[in-house]
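Below, each chain spelled out in residue letters.
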There are 2 protein chains.
Amino acid sequence: MSTKKYVYFFGGGKAEGSAEMRNLLGGKGANLAEMTSMEIPVPPGFTISTEACIEFYENEQQWPKGLDNEVKAHLAHLEEVMGAKFGDVENPLLLSVRSGARVSMPGMMDTVLNLGLNDQTVKGLIEKSGNERFAYDSYRRFVQMYGDVVLGVDHHNLEALIQETKDRKGVKLDMDLEASDWKELVGKFKAMIKEKTGKDFPEDPLEQLYGSINAVFASWNNPRAIKYREINDIPGHWGTAVNVQVMVFGNMGDDSGTGVAFTRDPATGENVFYGEFLMNAQGEDVVAGIRTPQPIAELKRIKPEIYDELEAIYKKLEDHYRDMQDIEFTIQEDVLYMLQTRGGKRTATAAVKIAVDMVDEGLIDKETALQRVDAAQLDQLLHPMLDADAEYDVLAKGLPASPGAAVGRVVFNASDAEVWSGRGEKVILVRTETSPEDIGGMNVAQGILTSRGGMTSHAAVVARGMGKCCVAGAGDIRVSEAEKCFRVGDVTVKEGDWITLNGTAGEVIVGKMELVEPKLAGEFGRLMEWADEVRKLGIRTNADTPHDAKVARDFGAEGIGLCRTEHMFFAEDRINIVRQMILAEDVEGRRKALAKLLPIQKADFKGILREMNGLPVTIRLLDPPLHEFLPREAHTIAEVAKELGVTEDKLRAKIDSLEEFNPMLGHRGCRLGITSPEIYEMQVQAIIEAACELAKEGVKVLPEIMIPLTGTKKEMSILKKLTVETADKVIEKAGIKLNYLVGTMIEVPRAALVADKIAEEAQFFSFGTNDMTQMTYGFSRDDAGTFLGAYLDQGILEKDPFQSLDQKGVGQLVEIGVKKGRSANADLKVGICGEHGGDPSSIDFFHRVGMNYVSCSPYRVPVARLAAAQAQLRTPRS
Amino acid sequence: MSTKKYVYFFGGGKAEGSAEMRNLLGGKGANLAEMTSMEIPVPPGFTISTEACIEFYENEQQWPKGLDNEVKAHLAHLEEVMGAKFGDVENPLLLSVRSGARVSMPGMMDTVLNLGLNDQTVKGLIEKSGNERFAYDSYRRFVQMYGDVVLGVDHHNLEALIQETKDRKGVKLDMDLEASDWKELVGKFKAMIKEKTGKDFPEDPLEQLYGSINAVFASWNNPRAIKYREINDIPGHWGTAVNVQVMVFGNMGDDSGTGVAFTRDPATGENVFYGEFLMNAQGEDVVAGIRTPQPIAELKRIKPEIYDELEAIYKKLEDHYRDMQDIEFTIQEDVLYMLQTRGGKRTATAAVKIAVDMVDEGLIDKETALQRVDAAQLDQLLHPMLDADAEYDVLAKGLPASPGAAVGRVVFNASDAEVWSGRGEKVILVRTETSPEDIGGMNVAQGILTSRGGMTSHAAVVARGMGKCCVAGAGDIRVSEAEKCFRVGDVTVKEGDWITLNGTAGEVIVGKMELVEPKLAGEFGRLMEWADEVRKLGIRTNADTPHDAKVARDFGAEGIGLCRTEHMFFAEDRINIVRQMILAEDVEGRRKALAKLLPIQKADFKGILREMNGLPVTIRLLDPPLHEFLPREAHTIAEVAKELGVTEDKLRAKIDSLEEFNPMLGHRGCRLGITSPEIYEMQVQAIIEAACELAKEGVKVLPEIMIPLTGTKKEMSILKKLTVETADKVIEKAGIKLNYLVGTMIEVPRAALVADKIAEEAQFFSFGTNDMTQMTYGFSRDDAGTFLGAYLDQGILEKDPFQSLDQKGVGQLVEIGVKKGRSANADLKVGICGEHGGDPSSIDFFHRVGMNYVSCSPYRVPVARLAAAQAQLRTPRS
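Predicted, not measured: the structure shown is a model, and the values here were computed from it. (Residues numbered from 1 in each chain as written. Chains lettered and ligands numbered in written order. Predicted model: local features only at pLDDT ≥ 70, side-chain atom pairs only at ≥ 80, totals over all residues. Heavy atoms only, no water.)

Draft legend 1. Fine view of the interface of chain B and chain A. Listed per partner, the contact involves 44 residues of chain B and 44 residues of chain A. Buried area between chain B and chain A, both sides added, is near 4000 Å², and the carbon and sulfur share of it is 57%. Our enumeration of links across chain B and chain A arrives at two salt bridges. For D806 of chain A, the salt bridge identified is with R750 of chain B, shortest N-O distance 2.6 Å. For the pair chain B and chain A, the number of links is 30 residue pairs in polar contact (both at pLDDT 80 or more). (Contact = heavy atoms within 4.5 Å. Buried area = accessible area lost by both parts, 1.4 Å probe. Salt bridge = Lys/Arg side-chain N within 4 Å of Asp/Glu carboxyl O. Polar contact = N/O pair within 3.5 Å; in protein donor to acceptor, adjacent residues only side chain to side chain.)

Draft legend 2. Spotlight on the sheet that holds strand β17 (residues 405-411) of chain B. All names here are of chain B. With mixed pairing, the eight strands of this open sheet are ordered in space as β15-β25-β24-β17-β18-β19-β20-β16. Strand pairing shows two members of the sheet lacking a second neighbour, β15 (396-397) and β16 (399-402), which therefore form its edges. The sheet contact formed by strand β18 (residues 427-431) and strand β19 (residues 447-450) spans four bridges and is parallel. Bridged to R431 within β19 is T450. (Pairing = 2+ DSSP bridges. Helix = DSSP H or I, 4+ residues; strand = E, 2+ residues; numbered from the N terminus.)

Draft legend 3. How the structure looks around the confidence of the model for chain A. Residues at a pLDDT of 70 or more form 99% of chain A, whose mean pLDDT is 92. Predicted as a complex, the structure gets a pTM of 0.78 and an ipTM equal to 0.78. (pLDDT = per-residue confidence, 0-100.)

Draft legend 4. Seen up close, the nonpolar core. Residues I688 of chain A together with I688 of chain B are the most contacted members of the largest nonpolar core, which totals 317 residues. In contact with I688 of chain B, not counting residues within four places along its chain, are I705, A727, V730, I731, L738 and Y740 of chain B. (Core = buried A, V, L, I, M, F, W, Y, C linked by side-chain atoms within 4.5 Å. Buried < 20%, exposed > 50% of the residue type's maximum accessible area, 1.4 Å probe, protein only.)

Draft legend 5. Structural view of unusual backbone geometry. Residue and element names in this part refer to chain A. A positive phi angle, close to 60 degrees, is found at E39, a residue other than glycine. Its place among the elements puts E39 in the loop between α1 (22-37) and β3 (45-48). We note that K484 has phi near 55 degrees; this positive angle belongs to a residue other than glycine. Among the secondary structure elements, K484 is positioned in the loop between β21 (478-480) and β22 (485-488).

Draft legend 6. Local environment of the pairing of strand β18 (residues 427-431) of chain A. Residue and element names in this part refer to chain A. Summarising burial for β18: five of the five residues are buried, a large majority. Burial along β18 is two-sided: V427, L429 and R431 facing one way and I428 and V430 facing the other are all buried. Handedness of the β-α-β unit built from strand β17 (residues 405-411), helix α16 (residues 414-422) and β18 comes out right-handed. A crossover connection joins β18 to the parallel strand β19 (residues 447-450) through helix α17 (residues 439-444); in handedness this β-α-β unit is right-handed. (Right-handed = clockwise from strand over helix to strand, strands pointing away.)

Draft legend 7. Looking closely at the relation of the copies chain B and chain A. The transform that puts chain B on chain A rotates by 180 degrees and translates by 0.3 Å along the axis, for an RMSD of 0.3 Å. Here the copies are linked by what is in effect a two-fold axis. Among all C-alpha atoms of chain B, that of N662 of chain B lies closest to the rotation axis, at 2.1 Å. (Least-squares fit on C-alpha atoms with pLDDT ≥ 70 in both.)

Draft legend 8. Spatial organisation of helix α3 (residues 67-82) of chain A. Compared with an ideal rise of 1.5 Å per residue, which puts 16 residues at 22 Å, α3 of chain A spans 22 Å between its outermost C-alpha atoms and is within 8% of the ideal. G83 of chain A, located one to two residues past α3 of chain A, shows a positive phi value of around 60 degrees. (Expected span 1.5 Å × (residues − 1).)

Draft legend 9. Looking closely at the packing of helix α5 (residues 132-149) of chain A against helix α6 (residues 155-169) of chain A. All names here are of chain A. As a packed pair, α5 and α6 sit with axes 9 Å apart at the nearest point and diverge in direction by 150 degrees. By the criterion of interaxial angle, the relationship of α5 to α6 is roughly antiparallel. Listed contacts from α6 to R140, Q144 and D148 of α5 are H155, L158, E159 and I162. Residue classes in the contact of α5 with α6 are distributed as two nonpolar, two polar and three charged. (Axes fitted to C-alpha atoms, helices over the stretch in contact; angles between N-to-C directions. Parallel < 35°, antiparallel > 145°, perpendicular 65-115°, else oblique. Nonpolar A, V, L, I, M, F, W, Y, C, P; charged D, E, K, R; others polar.)

Draft legend 10. Region of the structure containing the packing of aromatic side chains. Tallied over the full model, the rule gives 38 aromatic pairs over all chains. Ring geometry for Y136 of chain B against Y139 of chain B: centres 6.4 Å apart, planes inclined by 40 degrees, an arrangement best described as tilted. Placement of both Y136 of chain B and Y139 of chain B in helix α5 (residues 132-149) is noted, with a separation of three residues, approximately one turn of the helix. By relative accessible area, Y136 of chain B is classed as buried at 6%. Here Y139 of chain B falls in the buried class, since its relative accessible area comes to 1%. One aromatic cluster is present, formed by Y777, F779, F787 and Y791 of chain A through successive ring pairs. The residue whose ring lies beneath K5 of chain B is Y8 of chain B, and the NZ or CZ to ring-centre distance is 4.7 Å. (Phe/Tyr/Trp six-rings, centres within 6.5 Å; stacked < 30°, edge-to-face > 60°. Lys NZ or Arg CZ within 6 Å of the ring centre and 35° of its normal.)

Next up, the structure:
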């Protein structure tokens, strides 16, 4: 009987795993194995695979069969390699237990260190180390961590006990406590744990190990891990591996220490060794931001041999992985150990620079470079920055932890951030330091400011991952979360005050600064060119104004895929004409109002068509239900009635008659075109007149007229006829030749199902995946907020289907629509203009179903260009 | 070069067409050809095919190529056969031009008679007939009809001229006018027509013929024809044929006449010859109801030879067609001519009796009998009747024109009928006589009462077709449409007063009578048994109460396919408990309120499960969004707040927080079950407790618990788990064995697309085609009224998709859902519980896609049984 293998050993220059086995062993485990094989000094250990975790969840949180025996066998092997025994009183083996998913989820899951200590083995540790204080410090750390992580005793309870001891002894710092204090605290911790849990603290090292492994498995589904996965698109079914590794101690004295480093600058991408360390400390002390660590250059000064060894290792690792690495190391009594290497998280700026530099350095090729940059992350380069020439006063300086600039109103906790941003406010989250509980608030904030912590503090790492501006460790500011204000000298900034952060320089500025548009230049520009060489999918933009059109064009848009005309109807100089049109008693009255709109709309279209000289522009005819143009509130109704010169009663009667129960499924889109053809007629006339006038000026215009919300062939044939007749009349009158297309949006599910019929009348399709998602799921986007959270939490939805296309459901309709459409009309041009057009995984899907282009918001155009190139690189070559 | 043939000759015992060519020649034309071949006396003529009409519309209302020559050639042939010439002054040939679609659309399209007359040929007619008055009467009828039908001059204008003449001469009746009067009127008509149209009346007979043919083509798309097709599910693309036939004259004196008859009683189905005639009249006089005709038995008395000949012909026709025939005849100078035979329209009662009788008579087999009854029409047998034992005073008596009983408030025109019924009132339409313009009002009325006209009057024919109670020709009542009242002696019945009609006995009763439920007995019962022998599709019912369940069971329902639980929530004794539940601050509070609902719901379920002893009952868990249970109006809010003991502000805040933009796509269905599982838990507990208690009493219960609005597998797996856990706990406690199923509705398009995944968790599917239609089309049923009319008028929709399933669009999803569901779960039971479950053409579709059952409203169960049998008979046998 062959049993499944769940556990993989590494140590003594040999490893059962390798870097390729990341899915099975998690990133950390795979790389520990790889480093071991590379003869880099790594404390030995073993990795329990992600499969074990998955089966643990499938099996009502029981270990899969055979795992127990495997763990025991590997533990025995480890004892043999180390010449020490787990639980041995003379020569105790101590272990760490760490999580490790396929992709890094920093700080999200649990870790237990110093495992194997109890009242007996601590004596062995004293013996072995000759350092009682170290031994008891390690022991209390273990009890404290295990109590919190495994047994669920709130860490504040235990910390309070330490504080009591300090108060009693009149000291301030942990370092001032002695061996006997720690020893005493171990006892108090255990008593507290017994009181809270009703059970004795486990003395049996094996029980401690099993408890820790289970806790790591369980931490895969703790709320903050789930939230992190949600934000970072990590599937819940991946599970985590568990790494059990021999402990090395950075806290054994001044010849010991610990540090983290990046092989290149993770903020700028510059090719410099970049990191921080703390002497006489354990790893958690660096990350937690409690003591401010020293820059890595300092290590060269105080421990030159160690530094040289580290430098050799990091270069070896970068050459080996051909990517920038994020490494962790510990020095125990002047011996260097590597605890981790992984691809380093980086800002988009850094990602682009590193990828392009590595091509120049000959480390990777262009295609690899394109795949190295996370397309979604590019978004962070595409947001405004402070003007380089702007003059301003800096209130305080901190670390430039994540670049870009942000303007917002100050809030002091994550939940306020979520509330304020929920009502449309831009906020800056200000904290002494952030913790994983703050994830939600960080996600909605424009930027993050902390008064403590370094470049690798929680705030800095997470903000960079999110592509969000962050100033960290601004030591001059004193944050009072209770009073909801922060102070710098005698300046007080209160909740709701506006500030500006300059993450690129680490500056905090009072007030709202003007920000400037980002540019595609340098490495970014080169990467985009490489993307364009590779991609097959066209990239257009959704733009309703000449300004948006210009921004998008500068970002590389190859046309407009969606120009909405309703925004034009809302502008102040025309909304009342629109209302006159709606209030008209008959077609004549409507035509009269429409005649006033005609020159205004024509001017709008001229602006956009001129901006897009030489590129196609898809203009959608009026889509929203007419009631959207009428006032809602009692006082506005009175006002508007007066402006329009009608009675309030008449206006109110019209509002009532147009009211709808489900406007989403109401009298809108082409249904308006069918019942009030004069509206579409005017719009077509305006578009074609604009095009003709520009054509005469020598502008190259390619208008594409788009009918919204079609669900039947007949709607399309009626409205196409109206469009063509109107357009051809204008063209004939202008006496020129003008090409234009008439097509439709495919939004209602029925349109996809009968796309073959509709394609007999349409020259192009543009999938409106926003509305299609609403109708296919039966989710009103405006209302789904009340249950979407629960749906994500319970794993009913893996992602918000309005952000990333539901490929399994809505995607089927898209695929049916494309296939059927092309089957009837081989020349059919097919694109998509929903918001999914800027989402990389959706773009990959649209590429795969063979669309001609995607259209996205102007600032997403570079994202889409890169995503389209990546989609092409993923396509199997035949 | 072969040209297409558009024209088919009949006459002299030979015909180019036959009864089989109905699609090409229309019903009238095909049967004229068939009768000609059967050597039945038919005036010769020719039929222009429906293809010509279709091409006429495809070709911008121009005749197809070749038609012109064909018409001329056939006209020449006709002249040859008749030995007369069209337009000849000595011996003029006169023609009739009549429409004739595939199926009869009585009175909906246009006819022109006496064609070929002008100031010259009228002289020939005088010569030939020796009857100047007849000749001028015919001539004025022609000018009058042509002016109205072809030239569009409102007939009231022309009638006013006749009235003037009568007034001037001091006479009352048309019959009192002399040849010279008619001659003078011809001149006045022509002058009036010139005045109104600006053109001379055409004297050229060929121009008259072409004009008439065009008018018939055009009448295919007149508004009332479109409306009629809409009501009767006749596709707009069929077109009409045009029959050009030699005129025979029933108005040549007392040896002439005209009549219509049915080979069996069209109201009761009794095997008696049944009809009416008028001597010295043209056909339109009988149908128009202007003179009250004599019963056919009278003909036997006054023209026995003619009657015998007619009897022999009708029997020959019934034997030949093996169906009840509706015939038209004209007697010209004691010679009998047949002008039409067609399958006779009949009430559902008659249809059932005739079908069953004909099986007994050996004319047809059972399968043919099943196909002879229009399943949709059965509906009319399934509505309440007057109790046979009831005592009442009859206000007035009329003809029992269409059976059944109706109770409603009196209205006096079709548009009032539509308005009143639009606001939910039941109305009886009372008219002196009805005309095709009244179709819309007749369709929405409970019943129709006229003071004039016979059993074949417009009101009677149309009402029978609609299966609507009608009392016609109630001569004692005087209707004042202007005053909106009718009088019988000194009793005045005003608009809005309640009356009861007994269509079976022709009685008018003041006030609201109690009506009794129909029964399946006699021929109806036998037909249903035959249907059950044939059909493969199960028939269930949608029922929320024990009463509905009983009605449906008596009608043959084999289970409940949809028991909605929300109606139970609205009842007065529980709505406030539901509101307490909604207002509760937390799960505890909700559970407290739900605990109060539990025994009430349990009692509800016991009632229904007991009624359905031995049959499956599908119960749907709560579906509507919670805000539907809260009050809306300001004063009710105050009241309810008081009753619930909460502040108005609190109630209002809850109402606001639950408000939705698109409730149809909102927080409802299983989304409620996910976010408030305690509601579903309570409902499952109530269902299973009810079932267990009944099982102990010996009742055979088969509960099927249905989760609404599922769109993902995970929703189903979470809620199935909750259901099974809750149910099994109850069953265990009861200590019995109980089988139950857990399944889901397939309503959102996504559910159909991922049905294979959902079927892994569901034991049955029930398609909710109402909601699926809303989401697939993107039509809100509550709002679509504003454009659905235009969509039907413009042919965008052939039928209202909420009444008859959109097989081409929504049907694709249904088919995908069934196939994918069965692919993952071969035992999956599949049904449908939308309103389409009672629509025969939809039932045919559901049969074809292989569903196990349909579920419809109780009164539609027999309709569904028959439709299911017909669907099976349509299935090709392999």
